[in-house]
Amino acid sequence: MWGFLIVIDPKKIASAGICMILYVILTLAKNGANMCVTTAGTAFMADIIDYEQDRSGRYVPAVVTGIYSYR
C-alpha cells in the first residue's frame, strides 16, 4: 500500500480508473491480512492453553490471556 501511494499521485485515486481499482483491491487485501492476524492470535492462545494443560495438567486460561493482553 505504501509503495503504491508513493509511486502514484494520490489525487488520482478519486477519479474512476485503474488507480481507484488498485487502491480498493489493496485496501481489501490489507484489511483481510489484519483480520487473519487478529483471528490467529486468539487461536494461538487456545493452543497454548491446551498445551499447558496437556504438559502440566494445569488449566490456566487467565494467566495466558493476562500475559497476552499485557503486551
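Residues numbered from 1 in each chain as written. Predicted model: local features only at pLDDT ≥ 70, side-chain atom pairs only at ≥ 80, totals over all residues. Heavy atoms only, no water.

As for its position among the elements, Phe4 is in helix α1 (residues 2-7). Linking Phe4 and Cys19, residues 15 residues apart in sequence, is a C-alpha distance of 9.1 Å. Non-local contacts of Phe4, meaning those with residues more than four positions away in its chain, are made with Ile13, Cys19, Leu22, Tyr23 and Leu26. (Helix = DSSP H or I, 4+ residues; strand = E, 2+ residues; numbered from the N terminus. Contact = heavy atoms within 4.5 Å.)

What follows is about the environment of Thr38. With respect to the helices and strands, Thr38 occurs in helix α2 (residues 18-56). A relative accessible area of 53% places Thr38 in the exposed class. Separated by twelve residues in sequence, Thr38 and Asp50 place their C-alpha atoms 19 Å apart. (Buried < 20%, exposed > 50% of the residue type's maximum accessible area, 1.4 Å probe, protein only.)

We now examine the packing of α2 against helix α3 (residues 61-70). In contact at an axis separation of 9 Å, α2 and α3 are set at 140° when each is read in the N-to-C sense. In terms of orientation, α2 lies oblique with respect to α3. The chirality of how α2 crosses α3 is right-handed. Contacts from Gly41, Met45, Ile48 and Ile49 of α2 reach α3 at Pro61, Val64, Thr65 and Tyr68. Of the residues in the contact of α2 with α3, the class split is six nonpolar, two polar and no charged. (Axes fitted to C-alpha atoms, helices over the stretch in contact; angles between N-to-C directions. Parallel < 35°, antiparallel > 145°, perpendicular 65-115°, else oblique. Left-handed = near helix turned anticlockwise from the far one by under 90°. Nonpolar A, V, L, I, M, F, W, Y, C, P; charged D, E, K, R; others polar.)

Below, the discussion takes up the environment of Gly17. By the secondary structure assignment, Gly17 is in the loop between α1 and α2. On the basis of relative accessibility, which here comes to 27%, the residue Gly17 falls in the partly exposed class. Sequence separation between Gly17 and Ile6 is eleven residues, and the spatial gap between their C-alpha atoms is 18 Å.

Before going further, it helps to spend a moment on the side chain of Glu52. With respect to the secondary-structure elements, Glu52 resides in helix α2. Engagement of the side chain of Glu52 in a polar contact is seen with the side chain of Arg55, the distance being 3.0 Å. (Polar contact = N/O pair within 3.5 Å; in protein donor to acceptor, adjacent residues only side chain to side chain.)

As a further point, take α2. Between the first and last C-alpha of α2 there are 57 Å, a value that for 39 residues agrees with the 57 Å anticipated at 1.5 Å per step. Restricting attention to buried positions, one finds in α2 the residues Cys19, Gly41, Met45, Ile49 and Glu52. Elements that come into contact with the buried residues of α2 comprise α1 and α3. Among the residues trailing α2, Gly57 stands out with phi positive, at a value near 85°. (Expected span 1.5 Å × (residues − 1).)

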